[in-house]
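Single-letter residue listing:
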Amino acid sequence: MGDGLPPMLVEMLGSGIEVLAWDDSPQSEALNRAVAFITYGHPRVDGPLMDRAPHLKIVSNHGVGVDHIDCDAARDRGIAVGNTPGCLDASTADMTLALMLAAARNVVIGDKFARSAQFTHYDPSTLIGFEVTGSTLGIVGLGRIGREVARRARAFDMRIVYHNRRRDEAAERELGVTYRSLPELLAESDFVTLNCPLTPETTNLIGAKEFALMKPTGILINVARGPVVNHDALLAALKSRRIAAAALDVTAPEPLPRDHPLLELDNLVITPHLGSASNRTRRRMMEMTVENLRAALNDAPLPWRVV
Ligand code: DGY
């Protein structure tokens, strides 16, 4: 059972697997029959939903983050959970850099201006942004994606500090990055990128107290998960120019209500959860989703198992 599965993924599943449309309504027949869920997008899968699917063997997640799946509930019920780690690190890091450059150099607002009647002549005083090259980057979450961000940032001659649950001395040697406490990182960085998973510890990690520590020229980039940032605090920080700008690929809720005040701000760049949305990465994510699913149906070990 899966929702909005693209033809390529359905083709990869092959003709031996019947694909049922996602249906978690009270009268769902699909839940009764499903042996596997593919979570394509982020439908919430919790214990009560699993209990309504008596034949369920696996929740195969198209993506690495599994915060929308109750993994403890799956473990308790002997249901496997698979994900797609690794294949999306490069594309998500690319997107982090894309958002950093876009926010720093007014790419989005510049695009709007260049299309408008107000653009009548080249004016060197227009839309002067912040230099990325040589600036200080703070990476919150130096996991697989965070490291790829660091590799790319080195090409911009950035000074790189990071914060993680644990200090990683091997990464420090390999990538030339320096460990900081979160308050130190926020105070020192020109750009702060969030590349951590969403966990109880990272929920609301960046709120009013943290914005108060950032430079007034600081720019926040979130390609992790929306709830890592307190959106009321972000709104206040952007409106008052406590920080210069932000770029969000993820929000809470997602999408934001169309009349959300954040959407009115010109110092916010926002994209619709495109972190891993590149052709090669999407293909590999689909392959891994299908490989996990097939393994579970064959009672074989999952190649990429969360639970
Ligand atoms: C991920 O892999 O976690 C992406 O956010 C897509 O779900």
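This section reports on the structure supplied with the text. (Residues numbered from 1 in each chain as written. Predicted model: local features only at pLDDT ≥ 70, side-chain atom pairs only at ≥ 80, totals over all residues. Heavy atoms only, no water.)

Overview of the overall build of the chain
The condition that has to hold: Secondary structure counts use DSSP, requiring at least four H or I residues in a row for a helix and at least two E residues in a row for a strand, with both numbered from the N terminus. Two things to know: the radius of gyration comes from C-alpha atoms, and the globule rule equals 2.2 Å times the number of residues to the power 0.38. When accessible area is computed with a 1.4 Å probe and restricted to protein chains, residues below 20% of their type maximum are described as buried, those above 50% as exposed, and intermediate ones as partly exposed. Contact definition: two residues touch when any of their heavy atoms are within 4.5 Å. Computed with the Shrake-Rupley method and a 1.4 Å probe, the accessible areas treat only the protein chains shown as cover for residues. We count Lys and Arg on the positive side and Asp and Glu on the negative side, and we leave His and both chain ends out. To locate a charge, take atom NZ for lysine, CZ for arginine, CG for aspartate or CD for glutamate.
Looking only at helices and strands, the chain has twelve helices and ten strands in total. The C-alpha radius of gyration of the chain comes to 21 Å, within 12% of the 19 Å expected for a compact globule of 307 residues. Seen through its C-alpha atoms, the chain measures out along the principal axes to roughly 65 × 50 × 35 Å. Looking at the chain as a whole, 50% of its 307 residues are labelled buried. Looking at the chain alone, contacts between residues at least 24 apart form 60% of all its contacts between residues at least 6 apart. Carbon and sulfur atoms make up 52% of the accessible area of the chain, which totals about 15,000 Å². Positive and negative side-chain charges of the chain, numbering 33 and 37 respectively, have mean locations separated by a distance of 4 Å.

Describing the pattern of salt bridges
Under the convention used in this document: Each reported salt bridge corresponds to a side-chain nitrogen of Lys or Arg within 4 Å of a carboxyl oxygen of Asp or Glu.
What the rule picks out here adds up to 21 salt bridges. Ionic pairing is found between D89 and R144, a salt bridge with its closest N-O pair at 3.7 Å. Note that D89 is positioned in helix α5 (residues 89–104) and R144 in helix α7 (residues 144–154), a separation of 55 residues in sequence. We classify D89 as buried; its relative accessible area is 9%.

Points about unusual backbone geometry
The amide bond that connects A252 to the next residue, P253, takes the cis arrangement and shows omega of -5 degrees. At N204, a residue that is not glycine, the phi angle is positive and equals roughly 60 degrees. Position of N204 among the secondary structure elements: in the loop between β7 (191–194) and α10 (208–213). On the basis of relative accessibility, which here comes to 43%, the residue N204 falls in the partly exposed class. Despite not being glycine, D299 has its phi angle at roughly 55 degrees, a positive value.

Some thoughts on the nonpolar core
Defined as follows: As used in this record, nonpolar core signifies buried Ala, Val, Leu, Ile, Met, Phe, Trp, Tyr and Cys residues forming a set joined through side-chain atoms within 4.5 Å.
M100, L137, I139, M158, F191, I219 and I221 are the most contacted members of the largest nonpolar core, which totals 34 residues. When residues of this core are traced back to their parent elements, those giving at least two are α5, β4 (136–140), α7, β5 (159–163), α8 (169–175), β8 (219–222), β9 (245–248) and α12 (279–297). It is α5 that provides the largest number of residues to this core, a total of eight residues. Among all residues touching M158, those that are not within four sequence positions of it are M100, V132, G134, S135, T136, L137, A153 and F191.

Digging into the packing of aromatic side chains
Quick note on the threshold: For this analysis, a ring pair means two rings from Phe, Tyr or Trp (six-membered ring only for Trp) whose centres lie within 6.5 Å, classed as stacked if their planes differ by under 30 degrees, edge-to-face if by over 60, and tilted for the remaining angles.
Across all of its chains, the model carries three aromatic pairs by this definition. Pairing Y162 with Y179 gives two aromatic rings, centres 5.4 Å apart and planes at 75 degrees, and the pair type is edge-to-face. In this pair, Y162 is assigned in strand β5 and Y179 in strand β6 (residues 178–179), connecting sequence segments 17 residues apart. The class for Y162 is buried, based on a relative accessible area of 0%.

Remarks on the side chain of R180
Rule in force here: Pairs of N or O atoms within 3.5 Å make up the polar contacts considered here, provided that, within protein, one atom can donate a hydrogen while the other can accept it, and that residues adjacent in sequence are counted only when both atoms are side-chain atoms.
Following the sequence through the fold, R180 ends up in the loop between β6 and α9 (182–188). Of note is the side chain of R180, whose polar atom sits 2.6 Å from the side chain of E188. If we ignore the near neighbours within four places in the chain, the residues touching R180 are R159, V161, Y162, H163, L185 and E188.

So, the sheet that holds strand β3 (residues 80–82)
Heads up, the rule is: In this description, strands pair whenever DSSP reports at least two bridges between them. All axes are obtained by fitting lines to C-alpha atoms, using only the stretch in contact for helices, and the reported angles, taken between N-to-C directions, cover 0 to 180 degrees.
Spatially, the three strands line up as an open sheet ordered β1-β2-β3, and their pairing is parallel. Two strands in the sheet have a free side with no partner beyond their single neighbour: β1 (36–39) and β3. Pairwise comparison of adjacent strand axes, ignoring direction, gives a mean angle of 15 degrees for this sheet. Across three bridges, the pairing between strand β2 (residues 58–61) and β3 is parallel. Following the sheet pairing, I58 is matched in β3 by A80.

What about the site of the ligand?
Applicable threshold: Near is defined per residue: the residue qualifies when any heavy atom it owns lies within 4 Å of the molecule or strand.
Residues in close proximity to the ligand include H42, G63, V64, G65, L88, R225 and H273, which together make up its full environment. In the environment of the ligand, an oxygen atom lies 2.8 Å from a nitrogen or oxygen atom belonging to the side chain of H42. Take H273: an N or O atom from its side chain is 2.7 Å from an oxygen atom of the ligand. Protein chains shield 85% of the accessible area of the ligand, which is 230 Å² for the free molecule.

Notes on the sheet that holds β5
Sheet strands associate in pairs through backbone hydrogen bonding, adopting either a parallel or an antiparallel arrangement. Pairing in this open sheet of seven strands is parallel, and the strands run β6-β5-β4-β7-β8-β9-β10 from one edge to the other. Single-partner strands in this sheet number two, and they are β6 and β10 (268–270). The sheet contact formed by β8 and β9 spans four bridges and is parallel. Of the residues in β9, the one forming a bridge with I221 is A247. Lying on the sheet, α5 is in contact with β4, β7, β8, β9 and β10; it crosses β8 at an angle near 150 degrees.

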